[in-house]
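Architecture at a glance
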Amino acid sequence: MLNSANNNFVQHAVSVSMEGNMKGYNRKSPQKRRYEMPKYAVPPKKKSGKERAPQPKNTVAMLNELRHGLIYKLESQTGPVHAPLFTISVEVDGQKYMGQGRSKKVARIEAAATALRSFIQFKDGAVLSPLKPAGNLDFTSDDHLENDANKNAIAVDGQKKVPDKGPVMLLYELFNDVHFECINIDGAQNNCRFKMTVTINEKKFDGTGPSKKLAKNAAAKAALASLCNISYSPMMAPQKNAPLPIDDKSSSMELPQIHADTIGRLVLEKFMEVIKGQEAYSRRKVLAGIVMTENMNFCEAKVISVSTGTKCVSGEHMSVNGAVLNDSHAEIVSRRCLLKYLYAQLDLHCNHATAYQSIFVRNTDGQYPYKLKSGVHFHLYINTAPCGDARIFSPHENDTGVDKHPNRKARGQLRTKIESGEGTIPVKSSDGIQTWDGVLQGQRLLTMSCSDKIARWNIVGIQGSLLSSIIEPVYLHSIVLGSLLHPEHMYRAVCGRIEKSLQGLPPPYHLNKPRLALVTSAEPRNQAKAPNFGINWTIGDTELEVVNSLTGRTIGGQVSRITKQAFFEKFGFIMKNLPGITSRKVNKDYGETKADVKDYQTAKQELFSAFKREDLGSWLKKPIEQDQFGLAD
């Protein structure tokens with residue numbers, strides 16, 4: 001019987017071998033056979049119950065994820081040689097935390113746990129118990145003092161690194177009571193806007209996005225920024241090119257994320273408030289606003305201005321009386337609204353009873369009669385990168401490496417907006433000086449891009465030439481974007497491209513370097529056609545003003561309240577009635593009055609010269625006839 005079984009086995013093996021050699025040819029399709037384990041094969045080992053269970057992440061690893069580049073320092077070693085007691089410290093956000101243990105590893109874990117307890121709530125507190133070392137441990141070994149965080153941290157002039165984990169995952173790791181909820185869906189089916197709310201310890205944080213996932217991420221980022229000071233801002237990411245220059249007065253160019261989110265939220269809420277009753281004009285592509293804080297107290301921050309718009313005036317509607325708005329781009333209009341507010345604050349000094357309410361104080365030790373109160377800051381919000389140099393990049397490509405064409409002047413060029421259109425072109429593509437008759441005959445009226453104008457504000461201030469004869473220069477403290485923030489390109493556009501070529505600015509004029517930030521709930525790309533109108537509102541206004549961007553006048557054909565003409569009239573009134581003014585007569589036209597402010601004009605000319613020295617083009621001016629108007633009798 002045994003021989004018969006062996007013969008059957010051999011015949012079966014030969015049969016299988018022949019089937020393989022016939023290369024797929026069979027008279028009958030072979031039946032599928034169930035795979036059987038060879039008789040003498042070794043069965044797989046069963047998992048042993050003694051196998052070590054995965055341990056929870058220790059406190060050192062958790063702290064290193066949240067704060068990169070930490071250094072653990074051995075403070076002391078006490079006790080006998082066979083049973084020492086180690087004390088190790090770690091410094092987090094300027095505060096030193098201590099830990100003790102029978103080994104350096106345990107002491108290090110205790111120090112990290114102490115630090116984490118200061119700003120994070122842990123699940124049931126279980127994570128904070130130090131892990132017991134398995135097996136024998138050499139208590140005198142220095143191996144555990146190696147700072148693993150130094151391997152992973154990427155330092156860019158002291159900047160922190162963006163966390164490696166996603167915001168939602170990190171939030172669930174750090175907090176026990178986390179609940180997400182979708183509370184609102186706006187927009188059409190192909191352009192939805194979701195709003196998610198995350199609740200942690202009865203505190204709510206909102207996030208919006210074109211999908212529930214992105215809205216959830218935005219809400220988690222807002223919560224982490226507020227509760228743990230953890231930021232996912234692109235300003236935190238290391239740049240492959242030269243690092244961002246650091247302001248002399250601060251260790252970082254980044255505005256704290258919680259402050260950036262507050263600025264963006266305040267502007268959006270104010271826009272929704274002032275547009276009520278005129279929803280027909282809520283359609284917009286670019287939204288901008290300016291927020292004022294005192295002593296960086298964002299709980300009492302005030303929205304000074306809100307505006308929308310993306311177009312410039314048509315050449316045929318130019319005014320010789322300063323009665324039209326030449327540039328209706330949202331950020332430019334918001335700055336003009338701020339000028340209106342500054343005039344109103346100076347007007348308070350014309351009455352002794354209201355002078356204390358003003359943001360300005362008498363300047364007794366300077367060449368300017370008035371200056372801003374100490375601690376007053378202005379923050380500009382734009383829902384996207386300003387047009388021009390700050391927006392000339394691909395958001396989905398990493399172009400921060402070495403340029404393969406170093407001789408190509410692709411970055412930093414002065415650019416101009418196109419009449420009645422969107423987008424910008426390099427200023428070198430335009431020919432010569434703009435003339436009044438040339439524009440009326442058909443030549444396109446060109447206006448400098450928003451990036452270039454913001455760079456100008458960072459030299460001469462945002463107060464304008466007329467007010468520069470009364471107050472010290474006023475600069476933006478920060479610029480917050482709702483989307484398309486690229487740290488290198490944005491920094492270069494607003495101040496970096498001329499910082500090495502500026503020479504001899506008259507004090508107190510200087511190169512201002514505003515803080516930069518991106519809100520956590522980024523605005524999606526708006527593919528709709530931009531409207532031909534824009535709105536503006538300034539604190540103190542009873543209603544918003546709607547301006548036809550192509551004509552530069554209100555939709556009713558009236559003169560806007562933020563034109564050159566309106567500001568020149570306010571300037572004439574201030575000069576007559578403001579205490580402390582020596583020369584009160586304004587008997588020259590608008591252009592000549594501006595030219596008399598010598599220090600302002602010197603700083604402006606130095607700005608233009610700096611662009612030329614860097615071979616970035618020449619600043620293009622409007623026809624001079626626009627400024628040749630006087631005060632009405």
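Summary of the structure given here. (Residues numbered from 1 in each chain as written. Predicted model: local features only at pLDDT ≥ 70, side-chain atom pairs only at ≥ 80, totals over all residues. Heavy atoms only, no water.)

What about the pairing of strand β8 (residues 302-308)?
So the rule is basically this: Throughout, exposure labels follow a simple rule: accessible area from a 1.4 Å probe, protein chains only, divided by the maximum for the residue type, with under 20% read as buried, over 50% as exposed, and the rest as partly exposed. The helix and strand labels rest on DSSP assignments: H or I over at least four residues marks a helix, E over at least two residues marks a strand, and numbering proceeds from the N terminus. Two strands pair if DSSP finds at least two bridges between them.
β8 sits mainly inside the fold: six of its seven residues count as buried. Both strand β7 (residues 287-294) and β8 contribute to a ladder of six bridges, which runs antiparallel. Across the sheet, the residue bridging to isoleucine 290 is serine 305, located in β8. Here β8 pairs with strand β17 (residues 533-538) via three bridges, running antiparallel. Looking at β17, one finds that serine 305 is bridged to threonine 538.

Structural notes on the pattern of salt bridges
The cut-off we apply is this: In what follows, salt bridge is the name for a side-chain nitrogen of Lys or Arg lying within 4 Å of a carboxyl oxygen of Asp or Glu.
Applying the stated criterion across every chain yields a total of 19 salt bridges. Glutamate 65 is paired through a salt bridge with lysine 165; the nearest N and O atoms lie 3.6 Å apart. On the criterion of sequence distance, the pair formed by glutamate 65 in helix α2 (residues 59-66) and lysine 165 in the loop between α4 (149-152) and α5 (167-174) is long-range, its members being 100 residues apart. Taking the relative accessible area as the measure of exposure, glutamate 65 reaches 21% and is therefore partly exposed. Lysine 594 is paired through a salt bridge with aspartate 627; the nearest N and O atoms lie 3.7 Å apart. You can see lysine 594 sitting in helix α14 (residues 590-595) and its partner aspartate 627 sitting in the segment after α15 (598-613), a full 33 residues away along the chain. Aspartate 627 matches lysine 594 in its accessibility class, with the two residues each being buried. Through salt bridges with shared partners, a single ionic network connects Glu65, Lys165 and Glu173.

Let's talk about the environment of tyrosine 172
Assignment of secondary structure puts tyrosine 172 in helix α5. Overall, tyrosine 172 belongs to the partly exposed group, its relative accessible area being 34%. Linking tyrosine 172 and alanine 220, residues 48 residues apart in sequence, is a C-alpha distance of 9.4 Å.

Some remarks on the pairing of strand β11 (residues 376-382)
In terms of residue burial, β11 counts as a mostly covered element, since six of its seven residues are buried. Where β7 lies against β11, seven bridges are found, and the strand directions are antiparallel. Its bridge partner lying in β11, glutamate 294 is registered against valine 376. Sheet topology note: the β11/strand β15 (residues 478-481) ladder contains four bridges and is parallel. When the bridges of β15 are listed, leucine 380 appears paired with isoleucine 479.

Here's the deal with the packing of aromatic side chains
Selection rule: Geometry of aromatic contacts follows a simple scheme: Phe, Tyr and Trp rings, the Trp one being its six-membered ring, pair when their centres are within 6.5 Å, and the pair is stacked under 30 degrees between planes, edge-to-face over 60, tilted otherwise. For a Lys NZ or an Arg CZ to count as sitting over a ring, it must be within 6 Å of the ring centre and within 35 degrees of the ring normal.
Considering all chains together, one arrives at nine aromatic pairs under this definition. Here tyrosine 590 and phenylalanine 629 contribute two aromatic rings whose centre-to-centre distance is 5.0 Å and whose plane-to-plane angle is 15°, an arrangement assigned as stacked. Here tyrosine 590 is found in helix α14, whereas its partner phenylalanine 629 is found in the segment after α15, with 39 residues between them in sequence. On the basis of relative accessible area, tyrosine 590 is assigned to the buried category, the value being 9%. For phenylalanine 629, a relative accessible area of 6% gives the class buried. Measuring from ring centre to ring centre gives 6.3 Å for phenylalanine 611 and tryptophan 619, while their planes differ by 35°; the resulting arrangement is tilted. You can call phenylalanine 611 buried: its relative accessible area is 0%. Members of the aromatic cluster, each reached through a chain of ring pairs, are Phe568, Tyr590 and Phe629. Its guanidinium or amino end placed over the ring of phenylalanine 180, lysine 216 lies 4.9 Å from that ring's centre, counting from NZ or CZ. If you follow arginine 284 out to its NZ or CZ, it ends over the ring of phenylalanine 271, 5.7 Å from the centre.

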